[in-house]
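Structural features, examined
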Amino acid sequence: MGKTSGSEELDSICIVGGGTAGWMAAAALAQRLGRSTTRVFLVESDEIGTVGVGEATLPHIRSFNEGLGIDEAAFMRATEATFKLGIEFRDWGKLGDRYTHPFGDYGRMEDGLSFHHLWLRLRSHGSPCRLDDYSYAVRMAEENRFTRPQTDPGTLQSSFGYAYQFDSTLYGRFLRDRAVSAGIERVEGRIVDWTLDGGTGHVTSIQLADGRSVAADLYVDCSGFRGLLIEGALETGYENWQDWLPCDRALAVPSEVRRPLPPYTQATARSAGWQWRIPLQHRTGNGYVYCSEFVDEESAREELLSNLDSPALADPRQLRFTTGRRRKFWNKNVVALGLAGGFLEPLESTSIHLVQEGIAELIELFPDRDFHPGDESEYNRRMALNFERVRDFLLLHYVATERSDTEMWRYFRAMRLPDSLEEKIEAWRHRGHVVAYEFGVFLPPSWIAVFMGQNVLPRSYDCRAERLPIDALRYRMKSVREDVSKAVGATPAHESFISACGAASESSAAHVRTNPYDL
Ligand SMILES: Cc1cc2nc3c(=O)[nH]c(=O)nc-3n(C[C@H](O)[C@H](O)[C@H](O)COP(=O)(O)OP(=O)(O)OC[C@H]3O[C@@H](n4cnc5c(N)ncnc54)[C@H](O)[C@@H]3O)c2cc1C
């Protein structure tokens, strides 16, 4: 029998870039490495700065923060965060439509049968009630109320999750302080060049404008859209998904806080894209994500500014992007995270989540000095699937529509879909089942929310929904609606909850002190 020996730990890791992705990676690696002797550097450039947007998240961020031992109230105060129960979509299925994609369930599962089948049956008997009326999370959002989920899984009050809306630049700084006190070495400077090993093609060092250089075994490229090492040094290539997700610009503008403070993000479909509204404690984030083929910048700016629901605090700032992903996220000794790895547009707030996913996979498949090629290909397989699943889910919003009022909406109606999405839609139409994917952050309740919210109804429902006589079903459904209404009535206002749990930032606490009746 051969002798088993320990593999050799990396001597050093260099994180390139100090945006949200860079500092999330630094904080997580500092914790992962614990007492190891591996040194971790993070190089960032004040001159270049960060992308400066990214405000809405998914519930998984809570486990990321908890894993780092972060206190929720302290984090919320530091990042001007609010709670997020989901996203309200307006004008997507058709003009005038409105639905919420909640982080939670509708009603309760009945003997293994998803609740929406019961709703479909009741609807076929003429019930006018919305599916949203059976969701505690949606109804809380509609009334600007919030509480944390209960832990007893049998209760309605445990049927949802939540995320945050925060200032991602402040989040980066918050993580930076933790990472630096945990031993991460921060280097300020602009990277201007790199050297590659003639044999392996690995990056061996990076050079800064002032002549210093940093050498490491592993590089985590968090340099933003430019992908300094993954593309600049290694020429990995980019899989362009603009045919499916053609939006390529965004105009972002902050506006005054709007009260009462909504515990949800809003995404309103527009003529050539969609507009976000994200409530933070100190301001509201707004932006128009649009397709430059269908609208010019000036018209997009006008459309954005005329649809703000509080006064703008600055001029809109334009950002450009190409939807898609790097052909490999891990190439040789470089792993790309965040915008350096790819970008799919912010419709379902997935970018920060994909950073988190990339960090978790990296920690699981963490390399030693041999850089086993199997780890690289497994990492790339998993991340490619994660990106593809998100792409399909985003695309569903654009194609599940009756809209054809502008050129962009007509473009989507004529589109040939990826096979993976085509199959998913067909299975749904057949009898309301959501085929589970391997990987992918969005589980069946999210797909059901968008299908139903955008009027893609299945041809039939599960026959188990016929088990109860119709009057008994009516009675049961009514009692669910009443339970939801009662629970919502007993839930505090979102802003009161933020104050009560000690999460109000200074700006928000000052408002509460001077306007006690606003909540
Ligand atoms: C319009 C828009 C809206 C978005 N909304 C959301 C959202 O609601 N939710 C969400 O999850 N995500 C959102 N995102 C994505 C989110 O902003 C990013 O995923 C996140 O901020 C991570 O960015 P990053 O750290 O990868 O890159 P960046 O923030 O661009 O950071 C790059 C870092 O690299 C450094 N750097 C670059 N070049 C050099 C160099 N030569 N030398 C030294 N340092 C260098 C920079 O200084 C900086 O520190 C949005 C993105 C866009 C474009």
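Note that the coordinates shown come from a computational prediction; the quantities given were computed from them, not determined experimentally.

Basis of the calculations
Residues numbered from 1 in each chain as written. Predicted model: local features only at pLDDT ≥ 70, side-chain atom pairs only at ≥ 80, totals over all residues. Heavy atoms only, no water. Helix = DSSP H or I, 4+ residues; strand = E, 2+ residues; numbered from the N terminus. Polar contact = N/O pair within 3.5 Å; in protein donor to acceptor, adjacent residues only side chain to side chain. Contact = heavy atoms within 4.5 Å. Phe/Tyr/Trp six-rings, centres within 6.5 Å; stacked < 30°, edge-to-face > 60°. Axes fitted to C-alpha atoms, helices over the stretch in contact; angles between N-to-C directions. Parallel < 35°, antiparallel > 145°, perpendicular 65-115°, else oblique. Nonpolar A, V, L, I, M, F, W, Y, C, P; charged D, E, K, R; others polar. Left-handed = near helix turned anticlockwise from the far one by under 90°. Buried < 20%, exposed > 50% of the residue type's maximum accessible area, 1.4 Å probe, protein only. Pairing = 2+ DSSP bridges. Near = heavy atom within 4 Å.

Attention now goes to the side chain of Gln281. Here Gln281 lies in the loop between strand S15 (273-279) and strand S16 (284-290). Reaching out from Gln281, the side chain makes a polar contact with the backbone oxygen of Ala81 at a distance of 2.7 Å. Polar contacts involving the side chain of Gln281 include one to the main-chain amide nitrogen of Ser505, which spans 2.8 Å. Ignoring any residue separated from it by four or fewer positions in sequence, one finds Gln281 in contact with Met76, Glu80, Ala81, Thr82, Val257, Arg259, Ile498, Ala503, Ala504, Ser505, Ser507 and Ser508.

The tally for this structure, following the rule as stated, stands at 33 aromatic pairs. With a centroid separation of 4.1 Å and 10° between ring planes, the pair formed by Phe83 and Phe146 is classed as stacked. With a gap of 63 residues between them, Phe83 in strand S3 (residues 82-84) and Phe146 in the loop between helix H5 (136-142) and strand S6 (163-165) connect regions that are remote in the sequence. Seen in terms of ring centroids, Phe225 and Phe343 are 5.7 Å apart; in terms of plane orientation they differ by 75°. Their pairing is edge-to-face.

With that settled, the discussion passes to the packing of helix H12 (residues 419-431) against helix H13 (residues 444-453). It is at 12 Å that the axes of H12 and H13 come closest, and there the two elements cross at 70°. When the axes of H12 and H13 are compared, the pair comes out roughly perpendicular. Listed contacts from H13 to Leu421, Lys424, Ile425 and Trp428 of H12 are Trp447, Ile448, Phe451 and Met452. Here the contact of H12 with H13 is composed, by residue class, of 7 nonpolar, no polar and 1 charged.

On to the packing of helix H9 (residues 351-364) against helix H10 (residues 373-399), then. Each packed pair of helices is defined by two parameters, the angle between the axes and the distance between the axes. Between H9 and H10, the shortest axis-to-axis distance is 10 Å and the interhelical angle comes to 160°. The angle between H9 and H10 places the two elements in the roughly antiparallel class. H10 is crossed by H9, and the crossing has right-handed handedness. Residue-level inspection shows Leu354, Glu357, Gly358, Glu361, Leu362 and Glu364 of H9 in contact with H10, the latter providing Tyr379, Arg382, Met383, Asn386, Phe387 and Val390. Per-class residue counts for the contact of H9 with H10 are 6 nonpolar, 2 polar and 4 charged.

Here the focus is the pairing of strand S13 (residues 249-255). Burial analysis of S13 places 6 of its 7 residues in the buried class, the great majority of the element. Examined bridge by bridge, S13 and S16 share 7 bridges and lie antiparallel to one another. Residue pairing for S16: Ser255 is matched across the bridge by Thr284. Sheet topology note: the S13/strand S17 (residues 317-320) ladder contains 4 bridges and is antiparallel. Across the sheet, Arg249 pairs through a bridge with Arg320, a residue of S17.

Here we come to the site of the ligand. The immediate surroundings of the ligand are formed by 33 residues, with Gly18, Val53, Ala56, Ile191 and Ile352 found nearest. Between the ligand and the protein, one listed contact pairs an oxygen atom with a backbone N or O atom of Gly19 at 3.4 Å. Ile191 has a polar backbone atom sitting 2.8 Å from a nitrogen atom of the ligand. Contributing elements (two or more residues each) for the shell around the ligand: helix H1 (20-33) and H9. Residue composition of the shell around the ligand, by class: 15 nonpolar, 14 polar and 4 charged.

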